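What follows is each chain in one-letter form.
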Amino acid sequence: MFPCFSGCSVFLPKIPLNPCYNGCMLTKRIIPCLDVMEGRVVKGVNFLGLRDAGDPVQLAAAYDRQGADELVFLDITASHEKRGLIFDLAARVAEEVFIPFTVGGGIKTVDDFRRILATGADKVSINSAALADPDLIRAASERFGAQCVVVAIDPKRTGNTPSGWEVHVHGGRTPTGVDALEWAEKVYRLGAGEILLTSMDADGTKAGYDLPMTRAVADLVPIPVIASGGAGTPDHLADAMTEGGASAALLSSILHYGNYTIAEIKSHLQARNIPMRLTPSAKVAV
């Protein structure tokens, strides 16, 4: 049994996938993202110019030891290339880490959800398949619970939709004409338990998250929103969690290439009065 990360008296059967709702101050989550291509972690800018960042299982174990709250693995070319899922990778990660992790990329059916969750993953992320078949969200939520269903939304500022943010799929390659805010509200109503919101314009730039977009989605839906795309400094994460209203922040480049450790980031956020689940190594202020 595990206590709520915020320190209240609630005990849960495992580390909670989403924040405690007992009225305590909710902790914010730091979530390393590992974009996987051909078995390696890669990272680019604006979804392009990918370069190698290491072995996914080794990085996952390292981030677990550093005090990450969760992990996300995205097979970033699975939907585009119509390849299979990364079941073997998920199973190997499950043997090495003790925190919740999400797997996405190429999921098309409820049975795909079942197979991924059977490897030991805690959540499944869907993107392209959700746009193609929105009922997949409802079906998976009803069978496995909303807490297992993460819908990834990759908007870009195009001016082609009412909000100005247009959803893209297939690793950002295909514009859909779908408005990001309308889609976010729809996936919530269909049963998604969480939204992973990645700004294509900010991705990999290290210039900060798209705060207006993050805030617009966070204000629209009552489920957790994970800010993604643009982390360059701990202050960027703090801004996403305060100005942006995000429940969690996804980050990759600044961790993969050693700019900051998770402990340093969490200490900085705590100094800005943002509630964090701190590991012993993170309790020394930066």
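The present account deals with the structure reproduced in this document.

The rules behind the values
Residues numbered from 1 in each chain as written. Predicted model: local features only at pLDDT ≥ 70, side-chain atom pairs only at ≥ 80, totals over all residues. Heavy atoms only, no water. Salt bridge = Lys/Arg side-chain N within 4 Å of Asp/Glu carboxyl O. Helix = DSSP H or I, 4+ residues; strand = E, 2+ residues; numbered from the N terminus. Buried < 20%, exposed > 50% of the residue type's maximum accessible area, 1.4 Å probe, protein only. Arc of directions from axis to C-beta. Polar contact = N/O pair within 3.5 Å; in protein donor to acceptor, adjacent residues only side chain to side chain.

Focus: the pattern of salt bridges
Scanning all chains against the criterion turns up 14 salt bridges. Residues Glu142 and Arg138 are paired through a salt bridge, measuring 2.7 Å at the closest nitrogen-oxygen approach. Taken together, the residues span about one helical turn, with Glu142 and Arg138 both in helix H6 (residues 135-144) at a distance of four residues. A relative accessible area of 29% means that Arg138 is categorised as partly exposed. Linking Arg189 and Glu185 is a salt bridge whose minimum nitrogen-to-oxygen distance equals 3.2 Å. One end of the pair, Arg189, and the other, Glu185, are both in helix H7 (residues 180-190), four residues apart, so they sit about a helical turn from each other. Residue Arg189 is classed as exposed on the basis of its relative accessible area, which comes to 62%.

Observations regarding H7
Residue pairs three or four apart in sequence face the same way in an α-helix, which turns once every 3.6 residues. For H7, the set of buried residues is Ala180, Trp183, Ala184 and Val187. Viewed end-on, H7 has its buried residues packed into an arc of 105 degrees, placing them on one side of the element. Structurally, the start of H7 carries an N-cap: the backbone nitrogen of Leu181 is 3.0 Å from a side-chain oxygen of Asp179. Downstream of H7 by one or two residues, Gly191 has phi in the positive range, about 120 degrees.

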